[in-house]
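# Examining the three-dimensional arrangement
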Amino acid sequence: MAEAAAAALVKVIFEKLADEAFKKYARSQNIHSELKQLGSTLSQIQALLNDASHKEITDESVRLWLNSLQHLAYDIDDVLDEVATEAMHRELTPESEASTSMVRKLIPTCCTKFSLSHRLSPKLDRITTKLQHLEKQNPGLIVKGEKPKINTNRRNETSLPERDVVGREVEKKKLLNQLLVGESSKEKFSILPIVGLGGVGKTTLARILYNDTRVKDHFELMAWVCVSDECDVFKISETIFECVATENKQFKDVNQLQIALREQFKDKRFLLVLDDVWNQNYDDWEILVRPFHSGAAGSRVIMTTRQQDLLKKIGFNHVDNLESLSHEDALSLLALHALDVDNFDSHETLKPQAEGIVKKCGGLPLALKAIGRLLRTKTQGEEWDDVVKSNIWDLENADAIVPALRLSYHDLSADLKRLFAYCSLFPKDFMFDKEELILLWIAEGYLNESTADKSPERLGQEYFEKLLSRSFFQPAPNGESFFVMHDLMNDLATFVAGEYFLKFDNQTEMAEEALGKYRHMSFMREDYVGFLKFEAFPRARSLRTLLAVYVGVEQSWNTFYISNKILVDLLPQLKLLRVLSLRRFNISEVPDAICSLNHLRYLNLSRTNISKLPENVGNLYNLQTLIVFGCKSLSTLPKSFLKLKKLRHFDIRDTPYLKKLPLGIGELKNLQTLPKVIIGGDGDFAITKLKGLENLRGELSVEGLHKVQIPMHAREANLSQKRLTKLKMKWGNDSQRGSLEKEVLAELKPHTDTLKHFEVKYYGGVEFPGWVGDPTFHQLVHVSLKGCRKCTSLPPLGQLPSLKELLIQGMDDVKVISLELSRSTDVTFPSLEILRFVDMSSWEVWSTNSKVMFPCLRELQIRNCPNLSDVSLEALPSLRVLRIERCGESVLRSLVKAASSTTKLEIGSILGLTNEVWRGVTVNFGAVEELCIQICHEIRYLWESDAEASKVLERKRRMRITLGATSYYHLLGCCI
């Protein structure tokens, strides 16, 4: 484990030492010979790492030696970073600056180089001496050609059923249905994947299915193969043949074997279990399954695996992971293995500890069984308490508890191991934002561009997907775009991270001298973080990371405070910081001293109360990510901002008072994230400056488009070449230059393959250019058109194939909506689910002659459209929610009739809604379960008689009715 981290860090060091620009600067500063000597010694040590990776697990001296190496590697990397930073400082500080240039000309060159050489040479000498000493302390390691392979083989697993299995009834029922019925397929066999993290019970579930009597009766041939990491096509095929054949035969090669196997399967319905598949090579898979195609239709292959890579290559776009056991089932399994009973009813005194153990194991069956066996000899509550309080990795049978998780870790590459270990900084139940985590990895130097022909961001996406596919992460249960880590995975990350990472909380106890060894640290963001908690931190001079983290749902009204003494006195002493997050703290000013942290790559000040950044923020030459998202008071950016040449991500979303960008921001060529640009007048940011930001991607809001005077300038922005996923275009509220604005918008066509969200606000043109609504925008899911007051028609949005949500608001000159939305008589809005029309003051007619319109629409809202009277929609078969407010009664009558499947109806301020009209509306209430009526003064009765009310309410016992702000109701037979 230590070997992986050391190897990855040493690799980064060699990449830096090999950089030509770096070597050139080192020679100019007379430190190249020291660096060469250091590299030579380090290469001798690097050659021993393959052997160390095998021996560190069992040899404590090797583990300690590797720890010493990693500490030295950190120190070397810090020194190299100091050299690179000084080189950048020289580059950004012109020789002609002020009066110093004249002085420099009078001083010999050797003397101007003296400072850096004088400062670093002693450090380099000390580090080289330590490296040489470490080389001499070699604990018996030898040079080996390649790293030994970790054995993941599980030949002791069989198809025979286990004696005691708890839970899994829901999963069993679902998979049995797929096995015995399933869906028709053009292939003779189909695959049923069972995917999940190690120890979650994939093999157990496969055994349950394999031994079910209905399954045995359904399939003519059955075979079980434990694949593990070998994936030897010959051996696997041979095992399958032995299971299904009635004779013993020996085969010389794969060809003969597979021909024989094809004959065995021919026209027979078979079930094959491939247990514990690790190999993700598609070519191997394609060869293995060739004989399967001769089987009868309805054949099945159950594959258990902890990785989704191969499944994606086969064609599975989405696979559900096997979840951990429910709380009750987990308790039952623990009771079974610890006490030989089904529950804790007869051992009530042990139940609180059992609850703690279940939480610690996160419902993982393998861990629960192992701890249960450990507790068989412990019947006292105190002994169970010890297990609850212990780190799971410190228990006496830790290797029996989660061997599967360790195997998953050992199967990772060195780069992935380091990325996973970094996650130890985050507490259990933390909600990971993938994009934010990748930015942290980049800042730590884990995703180096030279390692692949792709950007660090792209590399980070691929690495995260690999960890996700191997179940190191899981999608958050709330369905949002966040991810979580199983508690035992979090424990594993903490275990493998070693002595370089620390989650610092109120329970953390450590000696002051221990602080010096930590390189990465996180702390919980509390209501108040006082200085006393961090009083000893000046000793933590090697810290690279200081993250404030939080668990749970963050509410906007929560306020968090941090001692100003921490900001002013402590942080400037942590000179090696690369990552600093002060997110959500009630900070009104960023101390100038933070600008002295010139190793800083990542600075998160989001949702703080700052109104400006320090003038010297440009001194943070290495800064790659600056986040001021949600800083609602931020109004100005300093001129020195333009020196941040390495800046890649500048998140200024939700900064309403920031109305001006610094001149020259368009020269920051590395920028990928710049969510907002404000077009100014003469001397301010011009739209042409977007041309230089070639790497811009993600979200972009272009404000002040009414200031663009020449359409060709808009073309120079080159939006069609930027991979934007979310684009907002905003003109001035009173913009009325129709033809010019149409020409400008025509030149701002974005990339068709990436755009998902599109919003236009205050556009002053009479109509939209042709690209708006073009079906080539096949990823577009959300469109908003707001305040386009001069438009007389809508763009043809009906043919956008993926559009799910559409908002049309404040388009005062639109009177008729008909074919403008589609320009087609085929299926219109094939994917639209939510449609809203708001503040359409002149709208009168809504009609269509499309054969199929809104087949997926489930929610429709029409608000404040007082002149709309003619609505002729045939049917809205999928509509469930209908909201109508401040419209005429004819709109309500027409839509209720067209939407007979509506279950929720909300109406308010409906003009002309009399008792007579209302009776005609209620006739169509066949599916309504929830009714809300607001400010409809002309109706006095919900139903005409007691009998009718009783009849309706008897039919709809669960119907909810909400009434508000009405003048008079006489409710017959109705309790509200």
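Residues numbered from 1 in each chain as written. Predicted model: local features only at pLDDT ≥ 70, side-chain atom pairs only at ≥ 80, totals over all residues. Heavy atoms only, no water.

Our next topic: the sheet that holds strand β4 (residues 299-305). Overall, parallel pairing links the four strands, which are arranged β1-β4-β3-β2 in an open sheet. Sheet topology places β1 (189-195) and β2 (221-228) at the edges, where each strand pairs with a single neighbour. Taking each pair of neighbouring strands and ignoring which way they run, the sheet shows an average axis angle of 15°. Across seven bridges, the pairing between β1 and β4 is parallel. Bridge assignment links Ser-190 to a residue of β4, and that residue is Arg-300. (Pairing = 2+ DSSP bridges. Helix = DSSP H or I, 4+ residues; strand = E, 2+ residues; numbered from the N terminus. Axes fitted to C-alpha atoms, helices over the stretch in contact; angles between N-to-C directions.)

In space, the three strands of this open sheet follow the order β22-β25-β28, with parallel pairing throughout. The open sheet terminates on both sides in strands that have one partner only, identified here as β22 (816-817) and β28 (870-872). In terms of strand pairing, β22 meets strand β25 (residues 845-847) through two bridges, oriented parallel. Following the sheet pairing, Ile-817 is matched in β25 by Trp-846.

Here Thr-608 is to be found in the loop between β13 (602-604) and β14 (625-627). At 2.7 Å, the side chain of Thr-608 forms a polar contact with the backbone oxygen of Leu-605. Apart from the residues within four sequence positions on either side, Thr-608 is in contact with Leu-582, Arg-584, Phe-585, Ile-587, Gly-630, Cys-631 and Lys-632. (Polar contact = N/O pair within 3.5 Å; in protein donor to acceptor, adjacent residues only side chain to side chain. Contact = heavy atoms within 4.5 Å.)

It is worth spelling out unusual backbone geometry at this point. A positive phi angle is found at Asp-340, which is not glycine, with a value near 60°. By the secondary structure assignment, Asp-340 is in the loop between α16 (327-339) and α17 (351-361). In this structure, Asn-718 is a non-glycine residue whose phi angle is positive, near 60°. Residue position: Asn-718 is located in the loop between α27 (711-716) and β18 (723-730).

Quick look at empty space enclosed by the protein now. A full pass over the atoms with the stated rule returns six cavities of 30 Å³ or more. The computed volume of the largest cavity comes to approximately 110 Å³. Lining the largest cavity we find 13 residues, and of these Val-165, Val-166, Thr-204, Pro-365 and Lys-369 sit closest to its centre. Going through the elements one at a time, α10 (202-210) and α18 (365-374) are the ones with two or more residues in the lining of the largest cavity. (1 Å grid on protein atoms, 1.4 Å probe; cavity = no way out; pocket = protein on both sides within 12 Å on 5 of 7 lines; lining within 4 Å. Points joined across faces, edges and corners; volume = space filled by probe spheres on them.)

Right, let's talk about the packing of aromatic side chains for a bit. Scanning the entire structure with this criterion turns up 33 aromatic pairs. Taking 5.2 Å as the distance between ring centres and 70° as the angle between the ring planes, the aromatic pair formed by Phe-432 and Phe-473 counts as edge-to-face. Residue Phe-432 is found in the loop between α22 (414-422) and α23 (434-443), and its partner Phe-473 is found in the loop between α24 (456-469) and β5 (474-475); the two are separated by 41 residues along the sequence. Residue Phe-432 is classed as buried on the basis of its relative accessible area of 2%. (Phe/Tyr/Trp six-rings, centres within 6.5 Å; stacked < 30°, edge-to-face > 60°. Buried < 20%, exposed > 50% of the residue type's maximum accessible area, 1.4 Å probe, protein only.)

Once that is clear, we can look at the pairing of strand β20 (residues 782-786). Here strand β19 (residues 757-761) pairs with β20 via five bridges, running parallel. Note on β20: the bridge partner recorded for Phe-758 is Val-783. Two strands pair when backbone bridges link them, and β20 and strand β21 (residues 805-809) are joined in this way by five bridges, in the parallel orientation. Note on β21: the bridge partner recorded for Val-783 is Leu-806.

Okay, the packing of helix α12 (residues 233-244) against helix α13 (residues 254-265) next. At a minimum axis distance of 10 Å, the contact between α12 and α13 shows a crossing angle of 35°. Both α12 and α13 take part in a crossing whose hand is left-handed. In this structure, α12 contributes Val-233, Phe-234, Ser-237, Glu-238, Ile-240, Phe-241 and Val-244 to the contact, and α13 contributes Val-254, Leu-257, Gln-258, Ala-260, Leu-261, Gln-264 and Phe-265. Partitioning the contact of α12 with α13 into residue classes produces 10 nonpolar, three polar and one charged. (Left-handed = near helix turned anticlockwise from the far one by under 90°. Nonpolar A, V, L, I, M, F, W, Y, C, P; charged D, E, K, R; others polar.)

Turning our eyes to something else, we now look at the pattern of salt bridges. One pass over the structure, following the stated rule, counts 42 salt bridges. Arg-858 serves as the salt-bridge partner of Glu-833, at 3.4 Å between the closest nitrogen and oxygen. Residue Glu-833 is found in the loop between β23 (827-828) and β24 (834-838), and its partner Arg-858 is found in the loop between β26 (852-853) and β27 (859-863); the two are separated by 25 residues along the sequence. Through salt bridges with shared partners, a single ionic network connects Lys-16, Asp-75, Asp-77, Asp-78, Asp-81, Arg-519, Arg-544, Arg-578 and Arg-601. (Salt bridge = Lys/Arg side-chain N within 4 Å of Asp/Glu carboxyl O.)

This part takes up the nonpolar core. One finds Phe-650, Trp-846, Ile-862 and Leu-895 to be the most contacted residues of the largest nonpolar core, which totals 139 residues. Ranked by residue count, the leading element in this core is helix α29 (residues 889-898), at four residues. Among the nonpolar cores identified, the runner-up in size contains 123 residues, and Leu-271, Leu-336, Leu-416 and Phe-420 belong to it. (Core = buried A, V, L, I, M, F, W, Y, C linked by side-chain atoms within 4.5 Å.)

Here we come to the environment of Val-79. Take Val-79: it is sitting in helix α5 (residues 60-92). The exposure class assigned to Val-79 is buried, which follows from its relative accessible area of 6%. A sequence separation of 44 residues divides Val-79 from Lys-123, and the C-alpha atoms of the two residues are 7.9 Å apart. Beyond its immediate sequence surroundings of up to four residues, Val-79 is in contact with Leu-120, Lys-123, Leu-124 and Ile-127.

Turning next to the layout of surface pockets. Taken as a whole, the second largest pocket spans an internal volume of roughly 890 Å³. Around the second largest pocket sit 30 residues that line it, and Lys-16, Ala-84, Asn-448, Arg-601 and Lys-646 are the ones nearest its centre. Looking at the lining of the second largest pocket element by element, the count peaks at seven residues for α5. Residues belonging to the lining of the second largest pocket are distributed by class as follows: 13 nonpolar, six polar and 11 charged.

Take the confidence of the model for the protein next. When pLDDT is averaged across the protein, the result is 82; 86% of the residues are at 70 or more. Mean pLDDT values over the elements of the protein span from 42, in helix α6 (residues 100-106), up to 97, in β13. Here residues 95-114 scores under 50 on pLDDT; set against residues more than four positions off or in separate chains, the count is nine contacts. For the stretch residues 966-976, pLDDT sits under 50, and the model shows 30 contacts to residues farther than four places along the chain or on other chains. (pLDDT = per-residue confidence, 0-100.)

With that settled, the discussion passes to helix α3 (residues 32-46). The end-to-end C-alpha distance of α3 is 20 Å, a good match for the 21 Å that 15 residues give at a rise of 1.5 Å each. Residues of α3 that are buried include every one of Glu-34, Leu-35, Leu-38, Gly-39, Thr-41, Leu-42 and Ile-45, and no others. (Expected span 1.5 Å × (residues − 1).)

Throughout the structure, instances matching the rule amount to zero disulfides. As a non-bridged cysteine, Cys-865 has Cys-887 as the owner of its nearest cysteine sulfur, 4.8 Å distant. By relative accessible area, Cys-865 is classed as buried at 0%. (Disulfide = S-S within 2.5 Å.)

In this section: the environment of Ala-714. Within the element layout of this structure, Ala-714 appears in helix α27. As for Ala-714 and Thr-688, which are separated by 26 residues in sequence, their C-alpha atoms are 6.7 Å apart. Ignoring any residue separated from it by four or fewer positions in sequence, one finds Ala-714 in contact with Ile-687, Val-744, Glu-747 and Leu-748.

With five bridges joining them, strand β30 (residues 904-908) and strand β31 (residues 930-934) adopt parallel strand pairing. Bridge pairing in β31 links Gly-908 to Gln-934. The β-α-β motif built from β30, the intervening helix α30 (residues 915-922) and the parallel element β31 has right-handed crossover chirality. (Right-handed = clockwise from strand over helix to strand, strands pointing away.)

Tracing the backbone through its elements, the reader meets Arg-697 in strand β17 (residues 697-703). Separated by 28 residues in the primary sequence, Arg-697 and Thr-725 have C-alpha atoms spaced 7.1 Å apart. Setting aside chain neighbours within four positions, we find Arg-697 in contact with Gln-672, Arg-723 and Leu-724. Looking at Arg-697, its side chain comes within polar contact range of the main-chain oxygen of Asn-695, at 3.3 Å.

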